Every structure is written in C-alpha cells, then in structure tokens.
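Examination of the molecular architecture
Listed below are the residues making up each chain.
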There are 2 protein chains.
Amino acid sequence: MSNEREVRVLEIKKSVFENNDREAEKLRDELKEKKIFLLNLMSSPGSGKTTTLKRTIAALKDEYKIGVMEADIDSDVDAKAIAETGAKAIQLHTGGMCHLDAGMTRQGLDALIENDVEFAILENVGNLVCPAEFDTGAVKNAAILSVPEGHDKPLKYPLMFEVCDVVLVNKIDVMPYFDFDMEKCKEYVHMRNPKAEIIEISAKEGKGIDEWAAWLKKEIDAWRG
Amino acid sequence: MSNEREVRVLEIKKSVFENNDREAEKLRDELKEKKIFLLNLMSSPGSGKTTTLKRTIAALKDEYKIGVMEADIDSDVDAKAIAETGAKAIQLHTGGMCHLDAGMTRQGLDALIENDVEFAILENVGNLVCPAEFDTGAVKNAAILSVPEGHDKPLKYPLMFEVCDVVLVNKIDVMPYFDFDMEKCKEYVHMRNPKAEIIEISAKEGKGIDEWAAWLKKEIDAWRG
C-alpha cells in the first residue's frame, strides 16, 4: 500500500485455507448478514470489463453505495479509471496469480466494508480458464464475451459458461466487422448452462446497459431483502 | 483417442516431473538433435491464433513438413480447421488445465515426430497468464495481441510479454473501429522486453504474413543448421 497513489493498492497474499468452497460459503453468509451484494465479473483480457463497470456504476450509483475491487497481476490503470467515477476503488495485486479465491476476495472486501459499500464488484483477473474454478464467495457470477473473440468460446471454455448466472455479449457495435453469429453464441452458452441470462451490450456506446442494470437491481434487492 | 474423429485427440496427463525447467531444456536438446523447430504460440482467447496458423501453414508448407498441436480444454474445432490445410494436426485435451508444460508438450510431440515433422507448432491454451509461467521446451515463444483487446495489455500481463521473442499484433484491419494506439502498444511491449520483435498482421486479410513467415524461416533455418 502506498500513499502516493490515487487508489489504494493491496498486495494480496495466497490463501491459507484448504477448503475454498467452505470459505466461500462462509463469506456469502457474512455478506447476507451485512446486506452486501457481491458480483464476480470475469472475462478474457480486453473484452471490456472496466468500460462495462464504468457504465454500470453510472447507472446504479444513485441506488447503492458501490465499491470495486480491481484484480490485476500488475498495474493500477483500471482502478484509477474506476476511481474517476466516484465509486470506491481498490486495486488488488495478485502477484502473478491467475485467479482469486474466497480468501483473496475477503482481503479486498474488508477494505470495502469499512466504507459501508452495499454493492461490491470484483473485477477478476482477465482469464477465461482459472477464475471459473474458484468460488470467490460472490452472490452472482457474470462473464463478458466480446464480439471480436468469436461465438465459439463457450465450446472452448466450458466451465466459465457453466458457472455464470449472466453472460454479457459486449462490443455489439462492431458486429458488422466480425464473423460473429449471435444465435450460435446463445445456443452454445445455453448448451453449457440452460439457465444463463444473456444480455447484448455495447459498453462503449451504452447500448443494453439499462437491461443489465435492471437485472442487477432485481438481484441486489432480492439479496438484501 | 477415437477412430471416428477426423483428427487424433490426445487426452494429456498431468506431468510427473518436478523440475519443469530441466525437462524443457532436455526437450530442446532433443529437438536440436532431431532438427525440429518448435514454436509456442500464446494469446488470449479469440485473438486469432488458429486463423494466423492457417496463414502461416499456407506460407511455409512448401518449405517444411509442418505439424500442429492444438491445446484446448475441450472441443476439437481448431484441430479440424488446421487438418483442412493439409498439415498434420493433433488435438491435445488438457482436461481443465490452463497451460502446457514441457512434459505435456512432449506427449503431443511424440505423435508429430512419428510423422517426420520439421516445423512443429504448439497452439497453447487461450490465456495470457498461466502459459507464460511454464517453459514448454519450445525454441521460440510468440504471442498474439489483437487490436480489440487494447494496447494496454503488456502493462497488465507483464510476464507474457517478457517471455516472448515475437509479438504479432493481429486484426489491424479493424483498427478504425477501436481506440488502439499502435505506438503505445510497441512502447509497452518493449518496456517488458526490449528485444521483442513486433509484427503487425491481419490474419483475416493476409496482411503482414510475408514478414512473419520470413522471420520464422530465418529462425527455423538457423535452428536446423
């Protein structure tokens, strides 16, 4: 942690817990008691997590006190971008680790809880493989799949799409320039997880953000009671 | 392995070797002796590894006997696409594992060696994090970074760009539709690795493939002696 930075940077430590699933359940119980909704946002590098978050914060900042944990191997560019929105932002440095588990998520959450956050978001490490294997303790899991990546990704990264409650198909503004088949994409996502909600968005242009914010509001209010 | 498939599918096993670096050096020594050049190709999901490989094979198939190992968690769509080019293609299923090490690479290479391959390519799992941590035994490492992912990726995934001998900046045909700063991208890559070669390509349109094939030919001929 350094005072010279605009945002707080936490060098997170490897978890000491052997049973991550149990630790994740414990964390969710605490979140329920404290009325905090935690969203785990996952995707490939460069599919638009940070831009989507900025839009999400703009849409919901009058409803909830929002805090974001930006998990990155290095750099704090994303946390600075989030801090500019007025939301509480914390940069988590994973020290080379490719995912977050419940113990690591807790290290970041403690700092958000101090700030009375109601809606906490974990921007996981950009990676379609490893983050899917670890329950972070989040209430809901979201994945972003962007148009330039191709509609076949749910075939090639099955677990990510199995564990997701909602899939945001981002960068629909560039659909004309890519061979992306939206119907096939939806079919492949539902092959992995028939219950997954799919929302088409362009975070850059703001398209679909209303629908995404409405989905979040419904889930957050149901959780907080 | 199944005879019904168009391509051979190998379910690779976790390596038993404790010292991956030593195993990788051993593999490289064997490749030198057998005059086989092995390229390790890494990138995020959806940045265009398979399309780039198809172009690469078309450019060099009259010069070398080419074989490709397609590492994927699931599916064999990429290996089928490669088999259509006439190159020898083997699908490696990693069983959920997020990277390949030298022991896993060797399992696939044995099948290519049977086919007298001179230029072997490992298409690693789509992931900018974990594959960078494991020496596969390859002679050279290449990474693809595609324009839609953004020019800041070398800041956020430092190790990948440190270990790469060459970075292909792909999808330059869609530059007008994205906020991608090529000069910044090159600056960031060279921050991580001043010696890295950077080649701009559009695998879709075939741009830059000549330069990439020339780089490969120089490296392959130097290795094979």
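1. Examining the overall build of chain A
- When helices and strands are counted, chain A shows 8 helices and 8 strands.
- Scaling as 2.2 N^0.38, a compact globule of 225 residues should have a C-alpha radius of gyration of about 17 Å, and chain A matches this with 16 Å.
- Projected onto the principal axes, the alpha-carbon positions of chain A cover approximately 45 × 35 × 35 Å.
- Per-residue burial for chain A yields a buried fraction of 61% across its 225 residues.
- Long-range contacts, defined as pairs at least 24 residues apart, comprise 76% of the intrachain contacts of chain A with a sequence gap of at least 6.
- Only carbon and sulfur atoms are counted for the fraction: they give 45% of the accessible area of chain A, which is about 9,200 Å².
- The distance from the centre of the 31 positive side-chain charges to the centre of the 42 negative ones in chain A is 1 Å.

2. Re the packing of aromatic side chains
- By the definition in use, this model includes 8 aromatic pairs over all chains.
- On the numbers, 6.4 Å between centres and 80° between planes, the contact of Y64 of chain A with F119 of chain A is edge-to-face. Of this pair, Y64 of chain A sits in the loop between α2 (49-60) and β3 (66-72) while F119 of chain A sits in strand β5 (residues 119-123), placing them 55 residues apart in sequence. Each of the two residues, Y64 of chain A as well as F119 of chain A, counts as buried.
- Arranged with centres 3.5 Å apart and planes meeting at 10°, the rings of Y177 of chain A and Y177 of chain B form a pair that is stacked.

3. A short note on the pattern of salt bridges
Residue and element names in this part refer to chain A.
- Taken as a whole and judged by the stated rule, the model has 30 salt bridges over all chains.
- The partner of K26 in a salt bridge is E23, and the shortest N-O contact between them spans 3.8 Å. Of this pair, K26 and E23 are both found in helix α1 (residues 20-34), 3 residues apart, which corresponds to roughly one turn of the helix.
- Take E23: its relative accessible area is 7%, and that puts it in the buried class.
- Between E219 and K218 there is a salt bridge whose closest N-O contact spans 3.6 Å.

4. Digging into the pairing of strand β8 (residues 197-200) of chain B
- Pairing of strand β7 (residues 166-170) of chain B with β8 of chain B involves 4 bridges; the strand directions are parallel. Directly across from L168 of chain B, in β8 of chain B, lies its bridge partner I199 of chain B.

5. Looking at the packing of helix α1 (residues 20-33) of chain B against helix α4 (residues 102-113) of chain B
Residues and elements named next belong to chain B.
- Interhelical geometry of α1 versus α4 gives an angle of 30° and a closest axis separation of 9 Å. It follows that α1 is roughly parallel to α4 by the angle criterion. Only A102, G103, T105, R106 and L109 of α4 make contact with α1, whose side of the interface consists of N20, E23, A24, K26, L27, E30 and L31.
- Partitioned by chemical class, the residues of the contact of α1 with α4 number 5 nonpolar, 3 polar and 4 charged.

6. Thoughts on the interface of chain B and chain A
- Every contact between the two is made by 33 residues of chain B and, on the other side, 32 residues of chain A.
- Taken together, both faces of the contact between chain B and chain A bury some 2,500 Å²; the carbon and sulfur share is 59%.
- On the chain B side of the contact with chain A, P45, K156 and Y177 of chain B bury the most area, a combined 23% of that side's loss.
- Scanning the region where chain B abuts chain A turns up 2 salt bridges.
- A salt bridge links K156 of chain A to D78 of chain B; its shortest N-O distance comes to 2.6 Å.
- At the surface where chain B touches chain A, the tally comes to 9 residue pairs in polar contact (both at pLDDT 80 or more).
- Listing elements by their share of the side of chain B that touches chain A, those giving two or more residues are α3 (77-83) and α5 (153-156) of chain B.
- Looking at the side of chain B that touches chain A residue by residue, the class counts come to 15 nonpolar, 6 polar and 12 charged.

Quick notes on the rules
- Residues numbered from 1 in each chain as written.
- Chains lettered and ligands numbered in written order.
- Predicted model: local features only at pLDDT ≥ 70, side-chain atom pairs only at ≥ 80, totals over all residues.
- Heavy atoms only, no water.
- Helix = DSSP H or I, 4+ residues; strand = E, 2+ residues; numbered from the N terminus.
- Rg over C-alpha atoms; globule rule 2.2 N^0.38 Å.
- Buried < 20%, exposed > 50% of the residue type's maximum accessible area, 1.4 Å probe, protein only.
- Contact = heavy atoms within 4.5 Å.
- Areas by Shrake-Rupley, 256 points an atom, 1.4 Å probe, with all protein chains shown as cover.
- Lys, Arg positive; Asp, Glu negative; His and termini not counted.
- Charge placed at Lys NZ, Arg CZ, Asp CG, Glu CD.
- Phe/Tyr/Trp six-rings, centres within 6.5 Å; stacked < 30°, edge-to-face > 60°.
- Salt bridge = Lys/Arg side-chain N within 4 Å of Asp/Glu carboxyl O.
- Pairing = 2+ DSSP bridges.
- Axes fitted to C-alpha atoms, helices over the stretch in contact; angles between N-to-C directions.
- Parallel < 35°, antiparallel > 145°, perpendicular 65-115°, else oblique.
- Nonpolar A, V, L, I, M, F, W, Y, C, P; charged D, E, K, R; others polar.
- Buried area = accessible area lost by both parts, 1.4 Å probe.
- Polar contact = N/O pair within 3.5 Å; in protein donor to acceptor, adjacent residues only side chain to side chain.

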